[in-house]
Number of protein chains: 2
Amino acid sequence: MRREILDAAWEVARRDGLGGLTLRAVAERVGMRPPSLYTHFAAKHAIYDAMFFQAWQEFDDRSAALELPADPRAALHGIARFYVDFALADLPRHQLMDQRVIPDFTPSPESYAPSVRAMERTVGRFRSLEGVALTEADVDLFVAGVGGVVAAQWSNDPGGDRYTRLLDRLVDLLADDLGLPASPPTPGESP
Amino acid sequence: MRREILDAAWEVARRDGLGGLTLRAVAERVGMRPPSLYTHFAAKHAIYDAMFFQAWQEFDDRSAALELPADPRAALHGIARFYVDFALADLPRHQLMDQRVIPDFTPSPESYAPSVRAMERTVGRFRSLEGVALTEADVDLFVAGVGGVVAAQWSNDPGGDRYTRLLDRLVDLLADDLGLPASPPTPGESP
DNA sequence: GTCTATAAGTCGATAGAC
DNA sequence: GTCTATCGACTTATAGAC
């Protein structure tokens, strides 16, 4: 039932904006009266909180399931592409996860946990790349660059590919800077 | 008077969040009753619209006044630093200019104009850099990279410098990619 | 668990006196 | 131009019947 309510909340957020979410609209979508929602969530912020948890949990789950190539440069491309695809698939989700759009909302420690896990997992993957020793600054620069593609895409060309098509070039730039060797050619790609 | 109301609106937005702006709070700050605001603005969205205009106008004005070094690489650093400083100085202003935080708000054509001018000015400056021919993709990549530093800074370390301190490195990376020569040493900087 | 009823408050916006 | 008065809609949230 909580799951059903959350599904409805995501749909409303996609339709009316994350800040435009109302209990009325959520209740209507699940065929309830607004007060009935309080049986399942203590307050409206608890719904935001559960959404925040759900979003990062899903990101972390999918991140854990992501199989990366052994080649370090190709792995970097994989990480970047995965993040960009996830962040561009759903605007309110992206806003909830990565921006401060809801004035008073701060995620609870329990809901914050999956985001920490996801970040640690990503850093761990960076660190385990063959043949390079990454500093914290290296990871930060990568995060900023890839996040910039997402921000520019949402802001200046939502639904398009004006910035995402530059992602490979950006990642190669960063990889060059880290001294990663060029990826070996994939067998069977050239004629 | 419009100016006074807008000043109050910015203050309220900084205090309560951009989406938390209310006519009541604005009116109280200027010593008016809420309905009196309708003498100066047709609706709440007209205030957002004027704020949007004001923000981009100021950006464009300051951009026009910005003196850049003749050296192309140093000029790139100047452009990047200017944008980052402006975007990090004021969160609601940044959200209004560069994100889609207010569900129903779309800037009017007149208010949109300064942002177009600012973008054209910036592109023009890129194009007039000595010794390189920049493509549209080059500019886009620069915009994404620099915007990423801003986004990461606001999102992960507001008020700090975890990402802004990587800006010079990022710009040099992009400049290298464009084949810009290293900046000549500034006279009198070394002992 | 869901409902009705309702509280208690907010919001943007309008009408009309002064 | 600013005010009072007020509208109508909407908000989150609670109390208590079923």
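What you see is a predicted model, and the numbers here were worked out from it, not measured in a lab.

A word on the packing of aromatic side chains
No. 1: By the definition in use, this model includes 17 aromatic pairs over all chains.
No. 2: Summarising the aromatic geometry, the rings of A:Trp56 and A:Phe59 are spaced 5.5 Å apart at their centres and angled 75° between planes, so their arrangement reads as edge-to-face. Pair noted here: A:Trp56 and A:Phe59 are both in helix α3 (residues 44-65), with a separation of three residues, about one helical turn. Of the two residues, A:Trp56 and A:Phe59, both sit in the buried class.
No. 3: Geometrically, the ring pair formed by B:Phe52 and B:Tyr112 is stacked, given 6.5 Å between the ring centres and 5° between the ring planes. On the criterion of sequence distance, the pair formed by B:Phe52 in helix α3 (residues 44-65) and B:Tyr112 in helix α6 (residues 109-127) is long-range, its members being 60 residues apart.
No. 4: When its relative accessible area of 43% is taken as the criterion, B:Tyr112 is described as partly exposed.
No. 5: Feature note: the residues A:Trp56, A:Phe59, A:Phe82, A:Tyr83 and A:Phe86 constitute an aromatic cluster, connected by ring pairs.

Side note on the protein's contact with DNA strand D
No. 1: Residues in close proximity to DNA strand D total 16 residues, the closest being A:Thr22, A:Arg24, B:Ser36, B:Thr39 and B:His40.
No. 2: Take the atoms of DNA strand D that sit within 4 Å of the protein: sugar and phosphate atoms are 64% of them.
No. 3: Interatomic distance of 3.3 Å between a side-chain N/O atom of A:Thr22 and a phosphate oxygen of DNA strand D.
No. 4: Taking A:Lys44, its main chain carries an N or O atom lying 2.9 Å from a phosphate oxygen of DNA strand D.
No. 5: Of the residues that constitute the surface near DNA strand D, the class distribution is eight nonpolar, five polar and three charged.

Some points on the interface of chain B and chain A
No. 1: Contact residues are listed per partner, giving 31 residues for chain B and 31 residues for chain A.
No. 2: The contact between chain B and chain A buries some 2,600 Å² in all, and 59% of this surface belongs to carbon and sulfur atoms.
No. 3: Broken down residue by residue, the surface that chain B buries against chain A is led by B:Leu141, B:Arg169 and B:Leu173, which jointly contribute 21%.
No. 4: Taken together, the connections running from chain B to chain A amount to six salt bridges.
No. 5: Its salt-bridge partner being A:Arg169, residue B:Asp138 comes within 2.6 Å of it at the nearest N-O pair.
No. 6: The tally of links between chain B and chain A comes to ten residue pairs in polar contact (both at pLDDT 80 or more).
No. 7: When contributions to the side of chain B that touches chain A are tallied by element, the ones reaching two or more residues are α5 (91-98), α7 (136-156) and α8 (167-177) of chain B.
No. 8: For the side of chain B that touches chain A, the element with the highest residue contribution is α7(B), accounting for 14 residues.
No. 9: Along the lines of polarity and charge, the residues of the side of chain B that touches chain A split into 15 nonpolar, seven polar and nine charged.

Notes on the relation of the copies chain B and chain A
No. 1: Once turned by 180° and shifted 0.1 Å along the axis, chain B lies on chain A with an RMSD of 0.1 Å. The superposition of one copy onto the other is thereby described by a two-fold rotation axis. Residue B:Gly148 of chain B places its C-alpha closer to the rotation axis than any other residue of that unit, at 1.6 Å.

Some words on the nonpolar core
Nonpolar side chains in soluble globular proteins tend to end up buried together.
No. 1: Grouped together as the largest cluster of nonpolar side chains are 64 residues, with contacts concentrated most on A:Val26, A:Tyr48, A:Met51, A:Leu96, B:Val26 and B:Met51.
No. 2: Leave out the neighbours within four places in its chain, and A:Tyr48 touches A:Leu18, A:Gly19, A:Leu21, A:Leu96, A:Ile102 and A:Phe105.
No. 3: Core analysis: the second largest hydrophobic core is formed by 56 residues, A:Ala152, A:Ala175, B:Trp154 and B:Leu167 among them.

Looking at the protein's contact with DNA strand C
No. 1: Not every one of the 16 residues close to DNA strand C is listed here, only the nearest: A:Ser36, A:Thr39, A:His40, B:Arg24 and B:Lys44.
No. 2: Restricting the count to atoms of DNA strand C within 4 Å of the protein gives a sugar and phosphate share of 66%.
No. 3: A distance of 2.9 Å is found between a phosphate oxygen of DNA strand C and a backbone nitrogen or oxygen belonging to A:Arg33.
No. 4: Residues that form the surface near DNA strand C fall into these classes: eight nonpolar, five polar and three charged.

A look at the environment of A:Leu18
All names here are of chain A.
No. 1: Relative to the helices and strands, leucine 18 resides in the loop between α1 (2-16) and α2 (23-30).
No. 2: Judged by its relative accessible area of 2%, leucine 18 is buried.
No. 3: With 30 residues separating them along the chain, leucine 18 and tyrosine 48 place their C-alpha atoms 9.2 Å apart.
No. 4: Beyond its immediate stretch of four places on either side in the chain, leucine 18 contacts Ala13, Tyr48, Pro92, Gln95, Leu96, Val101 and Ile102.

Cut-offs used in this document
Residues numbered from 1 in each chain as written. Chains lettered and ligands numbered in written order. Predicted model: local features only at pLDDT ≥ 70, side-chain atom pairs only at ≥ 80, totals over all residues. Heavy atoms only, no water. Phe/Tyr/Trp six-rings, centres within 6.5 Å; stacked < 30°, edge-to-face > 60°. Helix = DSSP H or I, 4+ residues; strand = E, 2+ residues; numbered from the N terminus. Buried < 20%, exposed > 50% of the residue type's maximum accessible area, 1.4 Å probe, protein only. Near = heavy atom within 4 Å. Polar contact = N/O pair within 3.5 Å; in protein donor to acceptor, adjacent residues only side chain to side chain. Nonpolar A, V, L, I, M, F, W, Y, C, P; charged D, E, K, R; others polar. Contact = heavy atoms within 4.5 Å. Buried area = accessible area lost by both parts, 1.4 Å probe. Salt bridge = Lys/Arg side-chain N within 4 Å of Asp/Glu carboxyl O. Least-squares fit on C-alpha atoms with pLDDT ≥ 70 in both. Core = buried A, V, L, I, M, F, W, Y, C linked by side-chain atoms within 4.5 Å.

Read these as layout, nothing more, since geometry by itself doesn't imply function.
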